[in-house]
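# Examining the three-dimensional arrangement
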Amino acid sequence: MSHLIIAPVLLPLLAGTLLLLSRRVLSLEVRRWLNLTVVAAQVVLAAMLLVAVGTGDILTYRLGNWPAPYGILLVADRLAVWMLLITALLACFALLYAVRGTDRGSRHFHPMFQLQLFGLNGAFLTGDLFNLFVFFEILLLASYGLMVHGGGAQRVRAGLHFVVLNLAGSTLFLFAAGTLYGVLGTLNMADLAVKVAATPPEDLGPVRAAGLLLFGVFALKAALIPLHLWLPAAYAATSAPVAALFAIMTKVGAYCLLRVGTLIFGPEAGTLGGLYDDWLLPLALVTLLMGSLGVLAAVELRRQVAYLVVVSIGLLLIAFGLGSQAGIGAGLYYLANTSFATAAFFLLADIIAQARGARQDRLDPGPPIGSAGVVGGFFFITALLVVGLPPLSGFLGKFLVLRAALADPAWPWVLGLVLVTGLLGLVALARSGSLLFLRAAGPLEAAPPSVAALIPVAGLLALCLALLIWAGPLVGFAAATADQVLHPGAYVQAVLHPTAAGGTP
Amino acid sequence: MEALMSAIVGVLTACGVYLMLRGRTFPVVLGLTLLTYAVNLFLFSSGRLAIGVPPIIQEQASGYADPLPQALVLTAIVISFAMTAFVIMLSLKARAELGNDQVDGRSEGGEVS
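Rules used in this analysis
- Residues numbered from 1 in each chain as written.
- Chains lettered and ligands numbered in written order.
- Predicted model: local features only at pLDDT ≥ 70, side-chain atom pairs only at ≥ 80, totals over all residues.
- Heavy atoms only, no water.
- Helix = DSSP H or I, 4+ residues; strand = E, 2+ residues; numbered from the N terminus.
- Rg over C-alpha atoms; globule rule 2.2 N^0.38 Å.
- Buried < 20%, exposed > 50% of the residue type's maximum accessible area, 1.4 Å probe, protein only.
- Contact = heavy atoms within 4.5 Å.
- Areas by Shrake-Rupley, 256 points an atom, 1.4 Å probe, with all protein chains shown as cover.
- Lys, Arg positive; Asp, Glu negative; His and termini not counted.
- Charge placed at Lys NZ, Arg CZ, Asp CG, Glu CD.
- Expected span 1.5 Å × (residues − 1).
- Axes fitted to C-alpha atoms, helices over the stretch in contact; angles between N-to-C directions.
- Parallel < 35°, antiparallel > 145°, perpendicular 65-115°, else oblique.
- Nonpolar A, V, L, I, M, F, W, Y, C, P; charged D, E, K, R; others polar.
- Salt bridge = Lys/Arg side-chain N within 4 Å of Asp/Glu carboxyl O.
- Core = buried A, V, L, I, M, F, W, Y, C linked by side-chain atoms within 4.5 Å.
- pLDDT = per-residue confidence, 0-100.
- Pairing = 2+ DSSP bridges.

## A look at the overall build of chain A
Across its full length, chain A carries 20 helices and two strands. Over its C-alpha trace chain A gives a radius of gyration of 22 Å, about what one expects of a compact globule, namely 23 Å for 505 residues. Summarising its shape, the C-alpha atoms of chain A cover approximately 75 × 60 × 40 Å along the three principal directions. A burial count over chain A gives 63% of its 505 residues as buried. The contacts of chain A with a sequence gap of at least 6 include a subset with a gap of at least 24, amounting to 79%. Carbon and sulfur atoms make up 70% of the accessible area of chain A, which totals about 16900 Å². Taking the average place of the 25 positive charges on the side chains of chain A and the average place of its 19 negative ones, the gap between the two points comes to 13 Å.

Following this line, the structure appears as C-alpha cells:
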C-alpha cells in the first residue's frame, strides 16, 4: 500500500506552512510560482489516484497503522478521488486568475489558498465523522480569510454572516457527532454503517435525530433551501478567484449528503435506511425554483451568477435525491460540469465588471466593453453551459439527470421544474447578455481586458469541452462511481476487514 | 449528576441561541461562545459520566472512563477558541468598516451605511 492517499492532504498543508513562513524571505513572484506548482502537483496526484481507484478498488490509509475502527483513517474510493480531481483543476485556474494581482489584497492569500485545499482534500478523503468535522473547520477557517480578502464594507458584512452561520452549523455538527458516539460508540463511518444497521429499537430515536441534524448541517453547507440565503450575498461580495474556488464549497455539502446518505443511512441500513430520501428531492426541487427566481431578479451579474450556483446545487441534489444508480451517476457528471462552468462565470463577471468602469457589473445599459467580441463569445458559451443548452456538456449533464428522473415516481415534478427553470435561466441570461453587450453605447470607460485575464476562463471552458469530448468514458466512470456508492458493503469491507493484499500502509 | 449536566447543557444552548438571534455583533459572539460551551459539555458527557475511574488500563480498576470524548472535546475546544478569536476580530473590523455594530450593517433607523 502506497502513501499516495495521504499526499493530497499533506502536500497543501506543507506548502501552506511554507508559504506562510517564507513571506518575508521570498518575493511575491516566487511564492506565486511555488503555489501554482503545488496546485499543479495536486492535479497530478489526483490523476494518479484516479488511475489507482479506477479499477474499483477502495484504498485505505490508516495513520499510525491502528486497526480500524480505532485509528484515524483516510479512504480513497472513486467518489472521493473524482471530487479531489475537480477541486484541484478548479483551484489551478482560480489561482491562475488570482496571480494577476488579486492576491495583493491581503498578505496571506497564498497560504490560505493552500490551507483551503488542505481542508477540501481532507474532507473528501476522511473516513471518520469527527475528522470530517475537523476538516470542515479547516476549510471554513481558510474560507473566512479568503472571503474577506481585500476588505471593503460589503465584503466584511457578507463575511460576518457567512462566519456566524457556519459556526452555528459546526455546533450542530458536534451535537450530531456527540449523539452518534453516545448511542453507537463509534465515529468511523464504515463502523457507523454497520452499527446503524443493527440499532436496537429503543435507540432509533436519537440516531434518527442525529442523522437529521447532520442533514441540516450538510444542507447549510450545500445551500439547500431554506438554508441558502447566505450564499448569494457571500459569493457576490467576495473577490472573483475566491468565488470561483468556492464553486466547489457547496459541492462539499452535496458530497457529504451523498456519502452519509448512502453509507451510514444507505440502502443497507435497515430501519434507518433512506433517512434522507424523504427530504432531499422535495427540498432540491424548491431550491431549483427559488434559485431560478433569484437569477431572474438579480440586478448585478455577480449576484446572478451566485444564484446560478444555487440553481446548480438544486439540480445536483435532485440527481442525488433520485437515489438510483442512473441519477447519482448523472449528478456526478453534472457536478464536474457545473463546478467548472460557474467558476468560469465568476471570473468572467469580474472581467466584465472591470471593463465597464464605474458601472461595474450592474445589469443596465452602460459603456461598451473593450474587445466585446471575445468577451461576449465567452459569455455566450458559458451561459450555454450553465443553462444546459445543446451542444455543450451542460446539456448532456442535464439530459442525463432528466433521463434518470423518468424512472422515479416524482418524474412529472422533476421534468416540469427542471425544464421551466431552464427556460427562466435562459431568459435571465439572454437579458443580461443583451444589456451588457448589445445595448452598450458611448465611449470606452476602461481598458479592454487583457489576454492573461481570459486564459483561466478559456481553460475552464476547455475543461467543459473535454467533458463533452470524453463524455463516454466519463459518464461510464460516473456510473461506476454511483454503483460503488450504492453498494457500501465493499467500502465497509475495505475499511473494517482489509485483506493482507489491500491492507497495511 | 446526569440531570444537572443536561440542565446545564440545555440552559447554555437556550441562552446561546437567544443571544445569537440578537441584532448586534457582541451578543452574537457571546451567544456563539455559550453554544460552544454547551456542545463541549455535551460531547464530554457522550462518553457517560463517571467519577474516579481511570481512562487507561490499571490492574485494580473496576471500570474505565472513555478517553475518546475527552480527546474530541479537546479538539473541539481548540477549534472553538480559534473561531471565537476570529469572529471577534471580524466583528471589530465590521464595526470599523460599517460604522456600527449591527450584524446586518444597518443603524437603528434602518439605513445601510
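On we go.
## Brief notes about helix α13 (residues 301-322) of chain A
Residue and element names in this part refer to chain A. Given a rise of 1.5 Å per residue, 22 residues ought to cover 32 Å, and the 32 Å separating the end C-alpha atoms of α13 matches this to within 8%. The buried fraction of α13 amounts to 21 of the 22 residues, a majority that puts the element mostly inside the structure. Count one or two residues on from α13 and you reach Gly 323, which has phi positive near 75°.

## Let's talk about the packing of helix α3 (residues 78-98) of chain A against helix α19 (residues 471-486) of chain A
Residue and element names in this part refer to chain A. Closest axis-to-axis distance for the α3/α19 pair is 9 Å, and the angle between their directions is 135°. Viewed along their axes, α3 and α19 adopt a mutual orientation that is oblique. Contacts from Arg 78, Leu 79 and Trp 82 of α3 reach α19 at Leu 474, Phe 477, Ala 480, Thr 481, Gln 484 and Val 485. Its residues assigned to classes, the contact of α3 with α19 comprises six nonpolar, two polar and one charged.

## As for helix α14 (residues 325-355) of chain A
In an α-helix there are 3.6 residues to a turn, and that puts residues three or four apart on one side. All names here are of chain A. An ideal rise of 1.5 Å per residue puts 45 Å on 31 residues; α14 measures up with 45 Å between its terminal C-alpha atoms. Burial runs high along α14: 28 of the 31 residues are buried. Within two residues after α14, Gly 357 carries a phi angle of roughly 65°, on the positive side.

## Notes on the pattern of salt bridges
Under the definition given, this model contains seven salt bridges over all chains. Among the ionic pairs, Lys 195 of chain A bridges to Asp 191 of chain A, the shortest N-O distance being 3.2 Å. Of this pair, Lys 195 of chain A and Asp 191 of chain A are both found in helix α7 (residues 189-197), four residues apart, which corresponds to roughly one turn of the helix. Using a relative accessible area of 33% as the deciding quantity, one classes Lys 195 of chain A as partly exposed. Put simply, Arg 24 of chain B and Asp 101 of chain B hold a salt bridge, and the shortest N to O gap is 3.1 Å. Separated by 77 residues along the polypeptide, Arg 24 of chain B in the loop between α1 (2-20) and α2 (25-45) and Asp 101 of chain B in the segment after α3 (67-98) bring together distant segments of the chain. Overall, Arg 24 of chain B belongs to the partly exposed group, its relative accessible area being 38%. It is possible to trace a salt-bridge network through shared partners that takes in Arg 302, Asp 350 and Asp 361 of chain A.

## Topic: the nonpolar core
Residue and element names in this part refer to chain A. The biggest cluster of nonpolar side chains holds 230 residues, and the ones touching the most others in it are Phe 218, Tyr 235, Leu 317, Phe 320 and Phe 340. It is α14 that provides the largest number of residues to this core, a total of 19 residues. Once residues lying within four places of it in the same chain are set aside, the contact partners of Leu 317 are Ala 222, Leu 224, Ala 254, Leu 257, Leu 280 and Ala 284.

## Some thoughts on the confidence of the model for chain A
On average, residues of chain A score 88 in pLDDT, and 98% of them reach the 70 mark or higher. Confidence drops under a pLDDT of 50 for residues 500-505 of chain A, and excluding neighbours within four residues, the segment shows 13 contacts in the predicted structure.

## Some points on the pairing of strand β2 (residues 73-76) of chain A
All names here are of chain A. Residue alternation in β2 divides its side chains into two sets, Leu 73 and Val 75 and Leu 74 and Ala 76, and both sets are buried. The sheet contact formed by strand β1 (residues 59-62) and β2 spans four bridges and is antiparallel. Paired with Leu 59 across the two strands is Ala 76, which belongs to β2.

## Brief notes about unusual backbone geometry
Here Ile 225 of chain A and Pro 226 of chain A are connected by a cis peptide whose omega angle stands at 0°. Looking at the secondary structure, you find Pro 226 of chain A in the loop between α8 (204-222) and α9 (230-237). At the junction of Pro 390 of chain A and Pro 391 of chain A, the peptide bond is cis and its omega measures out at 10° in the coordinates. Mapped onto the secondary structure, Pro 391 of chain A falls in the loop between α15 (372-387) and α16 (393-405). With a phi angle near 65°, Ala 223 of chain A is a residue other than glycine that sits in the positive phi range. Position of Ala 223 of chain A relative to the elements: it lies in the loop between α8 and α9. The class of Ala 223 of chain A is buried, set by a relative accessible area of 0%. Located in the positive-phi region is Arg 48 of chain B, a residue other than glycine, with phi close to 70°. The residue Arg 48 of chain B is located in the loop between α2 and α3 in this model. Under the relative-accessibility criterion, Arg 48 of chain B is labelled exposed at 56%.

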